[in-house]
Amino acid sequence: MVSYKEIREKIQNFPKYKGCKYEDRSPLVNEGFSWTFNLSFGEPYLLKEYDSYSNFTHDYVCSAIQSVIRPNDIFDKIVKGIELWKYLGVFEMSDISGMICFKEAHDYKEIQEFQISSLIHLLESFGLDKKKIYPTYSVGGPIFAISDGKYKFDFNVPEDSVSRELFIKYGIPEKNLIKDSTRNSFLCLHLNRKTPWGYRNEIHYNIGSEESPELLDIATLENLIWLPTFKPGAPEEAQNINGITKFQHSLHLSVIGVERFAMVVNGLNKIQEVDYLRDYFEKAFTVFSEFDEKDVIIIGELIRVLHRIFSDLKHYRLKLNKRQRQYKNKMIIALVDKLGGKFDPEKIKPLLEIHAEVQPWHPELKEGIEETLTEISRYLSLYYKTVSYTHLTLPTN
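Model, not experiment: these values are computed from the prediction. Each chain carries its own residue numbering, running from 1 in the direction its sequence is written. Given that the model is predicted, a residue must reach a pLDDT of at least 70 before its local features are reported, and side-chain atom pairs must reach 80 or more before they are shown or counted; all residues, however, enter totals for whole chains, interfaces and linings. Remark: hydrogens and water are excluded; side-chain values derive from all non-hydrogen atoms of the structure.

The pairing test for Phe, Tyr and Trp rings, Trp by its six-membered ring, is centres within 6.5 Å, and the orientation test on the planes gives stacked under 30 degrees, edge-to-face over 60, and tilted for anything in between. Overall, the coordinates contain 23 aromatic pairs when judged by the stated rule. Between the aromatic rings of Y17 and F102, the centroid separation amounts to 5.9 Å while the plane-to-plane angle is 75°, which identifies the pairing as edge-to-face. Residue Y17 is found in the loop between α1 (4–12) and β1 (20–22), and its partner F102 is found in strand β5 (residues 99–102); the two are separated by 85 residues along the sequence. Between F56 and F247, the ring centres sit 5.6 Å apart and the planes meet at 70°, which makes this aromatic pair edge-to-face. Here F56 is found in the loop between α2 (43–50) and β2 (60–63), whereas its partner F247 is found in strand β13 (residues 241–257), with 191 residues between them in sequence. Residue class for F56 comes out buried when judged on its relative accessible area of 1%. Taken together, Y108, Y151, F153, F155, F186, W197, Y199 and W226 form an aromatic cluster joined through their ring pairs. Secondary structure elements are taken from DSSP: a helix is a run of H or I of four residues or more, a strand is a run of E of two residues or more, and numbering for both begins at the N terminus. Residue burial is assigned from relative accessible area. The probe radius is 1.4 Å, only protein chains are included, and a residue is buried under 20% of its type maximum, exposed over 50%, and partly exposed in between.

As structure tokens, then:
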């Protein structure tokens, strides 16, 4: 068994692209995702370095292990008890070979080859079989179809033949390559400001058999080499995008989900079996012994997310905006509903203590224990002055 701490440190120390700068993680509440929590890897660093996603005044390469919360996963998967074996409400995402930003656009093939060779080297260094890697690649097509009708201008995205050929070159069986013609393999986002577009490869690992594959998405490669254009004189908003042009700079990123990777490395069947999560959930099963396994996982995951949010708010002295408060409140409601309308801070405190203890790389969790209990209790007492908190509705404030 390879410990999560060891896996985490090995990824951190894995060879990066030349000139790499190591960054601290961003708070879960940051400018890059002002309408939600930190969803991805690079946006906070791009804003810190350039105050832009598309105007690179100099080269910049960085490495970090980010913390990520995706509300859609929480409410569409976890709260509903769907595929709990692989979903976490809060997880870590690390670069593999650095986020690479060039002032002058570089040869896409050269960087993509560096990314793919680094990915395979990392997996093989943990004894994983590259023949179990199943990457996606874009087969291209009209942007109207790829964007599911969002963008109506005339542009035909070329097939991503570069990554296809490189995966084969580095030993991925051709039959493992997954053709894709959606936004999953061609990023065309607008994150409240001009955002580069380009190819994306989802990296799946087969945790099943060759005859009955069970593919787990563990990593992503991105090579952003285009830039959207906008209607003349119109604000740079998604509805005003009218075309696409070559990006004068370039942005290249390879990231891996650390907990899922640890799951694969150790041949585990559930993500809750990763050692630091295992220790936490063992305590959760004791604390909430009256609930079944599925409900304990849901309860435990909601507590983890809230603990991380309140700890970051305290540590970084941050405040939530209206949309973020709504997400946070909805999580509290879901938690108390799963608890049968009862919230007992003294019962939950030992669980938060374990949560802090098993993650020494997040020291803010210890100082956030009382904050978490106080803020959840304060919210409930402020909005619901009855004994029972069941079947609550999301407040508008």
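From this point, the discussion proceeds with the structure in view.
Mapped onto the elements of the fold, I100 is located in strand β5. Once residues lying within four places of it in the same chain are set aside, the contact partners of I100 are Y17, Y60, V61, I111, F114, S250, L251 and H252. We call two residues contacting when some pair of their heavy atoms lies within 4.5 Å.

The angle between two axes is taken between their N-to-C directions and runs from 0 to 180 degrees, where each axis is a line fitted to C-alpha atoms and a helix contributes only its stretch in contact. Two elements in contact, helix α11 (residues 345–357) and helix α13 (residues 369–383), have axes separated by 9 Å at closest approach and are oriented at 145°. Note that α11 runs across α13; the crossing there is right-handed. Of α13, the residues touching α11 (which contributes P345, I348, K349, L352, E353 and A356) are I369, E370, T372, L373 and S377. Here the term charged refers only to Asp, Glu, Lys and Arg, the term nonpolar to Ala, Val, Leu, Ile, Met, Phe, Trp, Tyr, Cys and Pro, and the term polar to all other amino acids, Gly among them. When grouped by side-chain class, the residues that make up the contact of α11 with α13 number 6 nonpolar, 2 polar and 3 charged. Left-handed is the label given to a crossing in which the near helix is rotated counterclockwise from the far helix by less than a right angle, and right-handed is the label when the rotation is clockwise.

Counting residues in hydrophobic clusters, the biggest one holds 108 residues, and the most contacted among them are M99, F261 and M331. The element contributing the most residues to this core is helix α9 (residues 293–316), with 11 residues. For the purposes of this section, nonpolar cores are sets of buried Ala, Val, Leu, Ile, Met, Phe, Trp, Tyr and Cys residues that join through side-chain atoms within 4.5 Å. Judged by nonpolar contacts, the second largest core, of 15 residues, contains Y151, F186, I225 and I244.

Here the focus is the packing of helix α8 (residues 275–287) against α9. Running from N to C, α8 and α9 point in directions that differ by 115°, and their axes come no closer than 10 Å. Note that α8 runs across α9; the crossing there is right-handed. Residues Y276, L277, Y280, F281, A284 and F285 of α8 lie in contact with α9, whose contacting residues are E293, V296, I297, G300, E301, I303 and R304.

Before going further, it helps to examine unusual backbone geometry. If a residue is not glycine, its phi is most likely negative; likewise, a peptide bond is most likely trans. A positive phi angle is found at D148, which is not glycine, with a value near 55°. Given the relative accessible area of 72%, D148 is considered exposed. Even without glycine at this site, R317 takes up a positive phi of about 55°. Within the fold, R317 resides in the loop between α9 and α10 (322–338).

Another point: helix α7 (residues 258–265). The buried fraction of α7 amounts to 8 of the 8 residues, a majority that puts the element mostly inside the structure. Taken residue by residue, α7 has V258, E259, R260, F261, A262, M263, V264 and V265 as its buried positions.

Moving on, we get to the pairing of strand β3 (residues 65–69). Summarising burial for β3: 5 of the 5 residues are buried, a large majority. Neither face of β3 is left uncovered, since the one carrying I65, S67 and I69 and the one carrying Q66 and V68 both have all their residues buried. Note: β3 against strand β4 (residues 90–95), 5 bridges, orientation antiparallel. Note on β4: the bridge partner recorded for Q66 is M93. Pairing between two strands is assigned when DSSP locates at least 2 bridges connecting them.

On to the pattern of salt bridges. A carboxyl oxygen of Asp or Glu within 4 Å of a side-chain nitrogen of Lys or Arg is what we treat as a salt bridge. Counted under the stated rule, the structure contains 24 salt bridges. The closest approach of N and O atoms between E210 and K175, which form a salt bridge, is 3.6 Å. With E210 in the loop between β11 (197–206) and β12 (215–230) and K175 in the loop between α6 (161–169) and β9 (178–180), this residue pair connects regions lying 35 residues apart in the sequence. For E210, a relative accessible area of 57% gives the class exposed. You can call K175 exposed: its relative accessible area is 59%. When the shortest N-O distance is used, the salt bridge between R200 and E222 registers 4.0 Å. Residue R200 is found in strand β11, and its partner E222 is found in strand β12; the two are separated by 22 residues along the sequence. Each member of the pair, R200 as well as E222, carries the same accessibility label: buried. Within the structure, one salt-bridge network assembled from shared partners comprises K21, E23 and K48.

None of the figures reported here should be taken as evidence of function without further support.
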